[in-house]
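# Descriptive analysis of the structure
Residue strings, one per chain:
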Amino acid sequence: MNTEIISITDKNPQESALARAARIIQSGELIAFPTETVYGLGGNGLDAEAAHKIYAAKGRPSDNPLILHIAFPTDAEKYAEVSPVYTLLAKAFMPGPLTVILPKKAIVPRSVTGGLDTVAIRCPSHPVAHRLIELAGVPIAAPSANLSGKPSPTEASHVIRDLSGRIPMILDGGSCEIGLESTIVKIEADGSLTLLRPGGITYDALCMVVPKVKVADAVTKQLAENERPLSPGMKYRHYAPTAPVVLLDGAPEKVLSFLQDEQKKRACAILCYMEELDFLTPRLLFPVGGRNDLKAQAQSLFRCLREADLSEAEIIYAHLPVQTGMGLALYNRMIRAAAHTVQQIS
Ligand code: TXA
Ligand code: MG
């Protein structure tokens with residue numbers, strides 16, 4: 001299949017290209033498009049066949065459900081049983097990087113929800129995503145637009161590498177602002193929230209709106225073999241480069257001197273902080289951002305992981321993130337990329 005790539009920017013809004021993309025969605029085919037979190041691989045969310053095509057294009061197991069993207073927060077009512085807590089969350093965080101799990105209505109095919117009775121709803125703030133959904137006139141089911149097992153794409157070039165030849169069109173909207181996938185919460189029967197995946201909306205921000213928020217164990221811990229995760233996606237090994245990833249924990253100067261020694265011994269890729277650049281040999285360095293700039297680190301993490309994975313490195317070192325604010329989302333992605341391998345440096 002020939003994949004058309006169309007650049008859409010503020011200066012070049014390309015309304016006619018968006019209308020064409022919307023018609024492709026309506027016809028049951030797939031489009032990759034930018035969102036404020038990561039690129040999505042979208043199809044008509046009410047069409048079971050389109051969902052099958054998404055699973056096939058990504059090489060994804062079909063029991064791992066898709067997120068239904070809507071143009072306006074109130075559209076959720078058409079596809080799910082909304083509750084007062086949903087309305088509170090929507091007022092506070094939508095459009096934006098929040099996905100809410102709700103009981104599904106019959107109109108949503110089971111192939112979209114991986115056979116579950118619940119559906120994941122998200123209203124993206126990215127203008128291209130918003131306009132595409134609006135023009136399509138249907139909700140857009142979309143997982144991240146990477147091949148299963150690769151990091152989520154944060155630039156069109158990542159999507160092109162993974163999906164070129166597999167889908168008819170990729171909309172290039174430049175780099176994604178947040179760089180990590182949306183925060184996912186489930187509204188429990190008692191109105192409390194369970195945080196299933198941390199992202200751009202932080203735990204603290206959720207607590208300001210809903211008094212009781214529980215972090216699911218799988219966010220920070222490794223599940224035992226027999227444990228069933230609350231979200232099917234949690235059981236898959238995600239975001240893992242071919243070379244082993246090791247997270248380093250310890251005092252900054254100790255970690256830096258460990259890295260300096262390692263650089264003399266082997267071809268190691270290092271996802272380093274800006275402050276460390278002057279003290280390390282330039283080879284195979286992938287600066288993720290300033291030590292305390294969690295926003296920059298989130299934005300560049302997946303790009304750095306992809307680049308490190310393409311390099312000749314035999315091992316990839318990165319810093320163990322903090323678990324506060326945006327750090328929790330970074331921690332969750334990194335600990336999976338590293339298959340929970342943390343090395344203490346003392
Ligand atoms: O930021 C994002 O959320 C991006 C952009 C494209 O919107 N999408 C994304 O989709 O990350 P995906 O498919 O890569 O991740 C969705 C996660 C999966 O781990 C899946 O298991 C979980 O959401 N999920 C979807 N529906 C669910 C449900 N009904 N119950 C529990 N978890 C669900
Ligand atoms: Mg994904």
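Within the largest apolar cluster, 52 residues are counted, with the highest numbers of intra-cluster contacts made by Y86, L89, V100, I121, L193 and L206. The dominant element in this core, judged by the number of residues it contributes, is helix α4 (residues 84–93), at 5 residues. Apart from the residues within four sequence positions on either side, L206 is in contact with L89, F93, L98, T183, V185, L193, L195, I201 and V213. Counting 31 residues, the second largest nonpolar core, distinct from the first, contains A298, F302, M334 and I335.

This part is about the domain arrangement of the protein chain. Per the domain assignment, the segments making up the protein chain are domain 1 (4–234) and domain 2 (245–345). If you average the C-alpha positions of domain 1 and of domain 2, the two centres end up 28 Å apart. Taken together, the contacts link 32 residues of domain 1 with 21 residues of domain 2. Surface buried jointly by domain 1 and domain 2 totals about 2100 Å² across both partners, of which 57% is contributed by carbon and sulfur atoms. It is P151, L180 and T220 that lose the most area in domain 1 upon contact with domain 2, and together they represent 27% of the buried surface on that side. Note that E155 is salt-bridged to R303, the shortest N-O span being 3.7 Å. Applying the counting criterion to the domain 1 and domain 2 interface returns 7 residue pairs in polar contact (both at pLDDT 80 or more). Looking at the side of domain 1 that touches domain 2, the elements with two or more residues in it are α6 (156–163) and β10 (193–197). For the side of domain 1 that touches domain 2, the class distribution of residues is 11 nonpolar, 13 polar and 8 charged.

It is worth spelling out the environment of S16 at this point. Its place among the elements puts S16 in helix α1 (residues 15–26). The exposed category is assigned to S16, whose relative accessible area is 56%. As a C-alpha pair, S16 and F33 span 17 residues in sequence and 15 Å in three-dimensional space.

In spatial order, the strands read β13-β14-β12-β15; together these 4 strands make up an open sheet with parallel pairing. If you trace the sheet from one side to the other, it starts and ends with β13 (268–271) and β15 (342–345), each paired once. Across the sheet, the mean angle from the axis of one strand to that of its neighbour is 30°, orientation sign disregarded. One ladder, built from 4 bridges, connects strand β12 (residues 245–250) with strand β14 (residues 315–319); its direction is parallel. Its bridge partner being in β14, V246 is matched across the sheet by Y317. Helix α8 (residues 252–265) contacts β12, β13, β14 and β15 of the sheet and is inclined by roughly 140° relative to β12. Of the strands in this sheet, β13 and β14 touch helix α9 (residues 294–310), which is tilted by about 175° from β13.

This paragraph deals with the sheet that holds strand β2 (residues 31–33). If you trace the 11 strands from one edge of the open sheet to the other, you get β1-β8-β2-β3-β7-β4-β6-β5-β9-β10-β11, paired in mixed fashion. The open sheet terminates on both sides in strands that have one partner only, identified here as β1 (4–7) and β11 (213–215). Here the strands of the sheet are splayed against their neighbours by 30° on average, with no regard to which way each runs. Relative to strand β9 (residues 183–187), strand β5 (residues 98–103) runs parallel, the two being bridged by 4 bridges. Following the sheet pairing, L98 is matched in β9 by T183. Here α6 sits on the sheet and contacts β1, β2, β3 (40–44) and β8 (169–172); the angle it forms with β8, its principal contact strand, is near 165°.

A few words now on unusual backbone geometry. Most peptide bonds adopt trans geometry, and most residues besides glycine take a negative phi value. Following M94, the chain continues into P95 via a peptide bond in cis, with omega recorded as -5°. In the Ramachandran plot, A339 falls in the positive-phi region, its phi being about 45° despite a non-glycine side chain. Assignment of secondary structure puts A339 in the loop between α10 (327–337) and β15. The backbone of H340 shows a phi angle near 65°, a positive value even though the residue is not glycine. Here H340 lies in the loop between α10 and β15.

Conventions adopted
- Residues numbered from 1 in each chain as written.
- Chains lettered and ligands numbered in written order.
- Predicted model: local features only at pLDDT ≥ 70, side-chain atom pairs only at ≥ 80, totals over all residues.
- Heavy atoms only, no water.
- Core = buried A, V, L, I, M, F, W, Y, C linked by side-chain atoms within 4.5 Å.
- Buried < 20%, exposed > 50% of the residue type's maximum accessible area, 1.4 Å probe, protein only.
- Helix = DSSP H or I, 4+ residues; strand = E, 2+ residues; numbered from the N terminus.
- Contact = heavy atoms within 4.5 Å.
- Domains from an automatic or database assignment.
- Buried area = accessible area lost by both parts, 1.4 Å probe.
- Salt bridge = Lys/Arg side-chain N within 4 Å of Asp/Glu carboxyl O.
- Polar contact = N/O pair within 3.5 Å; in protein donor to acceptor, adjacent residues only side chain to side chain.
- Nonpolar A, V, L, I, M, F, W, Y, C, P; charged D, E, K, R; others polar.
- Pairing = 2+ DSSP bridges.
- Axes fitted to C-alpha atoms, helices over the stretch in contact; angles between N-to-C directions.

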